[in-house]
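Structural features, examined
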Amino acid sequence: GSETTYGDRSQALNAREVVVRITVSHANKQALTLFSREIAQAATGMAPGITGVLGGRPSVWPVIRLWSCLVNKDQVNVQVESEGNTTDVVITPTCGFTPAGDQSLQEFIPEAAGEFTSTLPLIKLAIARSGDKGNHSNIGVVSRKDEYLPFIASALTEEAVTDWMSHVLDPETGKVTRWVMPGIHAFNFLLENSLGGGGVASLRIDPQGKAFAQQLLEFPIPVPEELARDLA
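Here the structure is a predicted model, which is why all the values come from computation and not from measurement.

1. As for the side chain of S36
- One can find S36 in helix α2 (residues 29–38).
- Setting aside residues up to four positions removed in sequence, S36 forms contacts with R57 and P58.

2. Some words on the environment of S202
- Within the fold, S202 resides in the loop between β7 (186–192) and α6 (212–216).
- Judged by its relative accessible area of 7%, S202 falls in the buried class.
- When the C-alpha positions of S202 and T23 are compared, they lie 9.4 Å apart, and in sequence the two are 179 residues distant.
- Once you skip the residues sitting within four places of it in the chain, S202 turns out to touch L195, G196, G197 and P207.

3. Points about the environment of D206
- In this structure, D206 sits in the loop between β7 and α6.
- Separated by 11 residues in the primary sequence, D206 and L195 have C-alpha atoms spaced 7.8 Å apart.
- Setting aside its immediate chain neighbours within four residues, D206 contacts L195, A211 and F212.
- Polar contacts involving the side chain of D206 include one to the main-chain amide nitrogen of A211, which spans 2.9 Å.

4. Overview of the sheet that holds strand β4 (residues 126–133)
- Pairing is antiparallel in the open sheet, where 4 strands are placed in the order β4-β5-β7-β6. One side of each edge strand has no neighbouring strand; the edge strands of this open sheet are β4 and β6 (175–181). Strand-to-strand twist in this sheet, taken as the mean axis angle between neighbours without regard to direction, amounts to 15°.
- As paired elements, β4 and strand β5 (residues 136–143) share 8 bridges and run antiparallel to each other.

5. Some remarks on the side chain of R178
- Among the structural elements, R178 can be located in strand β6.
- On the basis of relative accessibility, which here comes to 7%, the residue R178 falls in the buried class.
- Within the structure, the side chain of R178 is placed 3.1 Å from the backbone oxygen of A153, a separation counted as a polar contact.

6. A short note on the packing of aromatic side chains
- Across all of its chains, the model carries 3 aromatic pairs by this definition.
- Ring centres of F187 and F189 lie 6.3 Å apart, and the angle between their planes is 40°; on these two criteria the pair is classed as tilted. Comparing F187 with F189, the two get one shared label, buried.

Procedures and definitions
- Residues numbered from 1 in each chain as written.
- Predicted model: local features only at pLDDT ≥ 70, side-chain atom pairs only at ≥ 80, totals over all residues.
- Heavy atoms only, no water.
- Helix = DSSP H or I, 4+ residues; strand = E, 2+ residues; numbered from the N terminus.
- Contact = heavy atoms within 4.5 Å.
- Buried < 20%, exposed > 50% of the residue type's maximum accessible area, 1.4 Å probe, protein only.
- Polar contact = N/O pair within 3.5 Å; in protein donor to acceptor, adjacent residues only side chain to side chain.
- Pairing = 2+ DSSP bridges.
- Axes fitted to C-alpha atoms, helices over the stretch in contact; angles between N-to-C directions.
- Phe/Tyr/Trp six-rings, centres within 6.5 Å; stacked < 30°, edge-to-face > 60°.

As structure tokens, then:
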């Protein structure tokens, strides 16, 4: 006969678990309904090691995509209502905020001095958070200390972030743009077309890019040896 020891069981429990997520899309709702009825067989006759299907039989939902557009100010009538009174507000079409380019804000970032002989993951130097707007994602990176900003600015270029996050960017239309935010010693990165459609239109496991910041925090930042020792 066979014998199962506690050591064998402990090794099995410590084995790395992998989550299997299956997503499909189809123009015909009936085809997806048929698929949902057959999903139970995946738990018993698909890949070895699958222990169950969580959440029961999946539901079929329409794929709704966000479509954003800009409307000219002269086509919008702005009004303010207060205590039953309506007041028209005149908006000059030529006014508004014109954002400055990244180059014009470089003066706020001092150049990093010294030799960069070591590297630290970005998380040692900064905090970050990410989120979505349609099919685009933002990653905000805030330096933990003012003196870390030059090292972050030198390493986290648009090209570097594009390469690091290339696995999520659309190969044809994906693009990364960086904005300097000197008031809070931070950067804002816009990753265009990086969510596979975004929201309910995306078949990805992270359709809103909530994990993008965590991925960027692993980016290696060249720093002086002394700083690497202090933050190790």
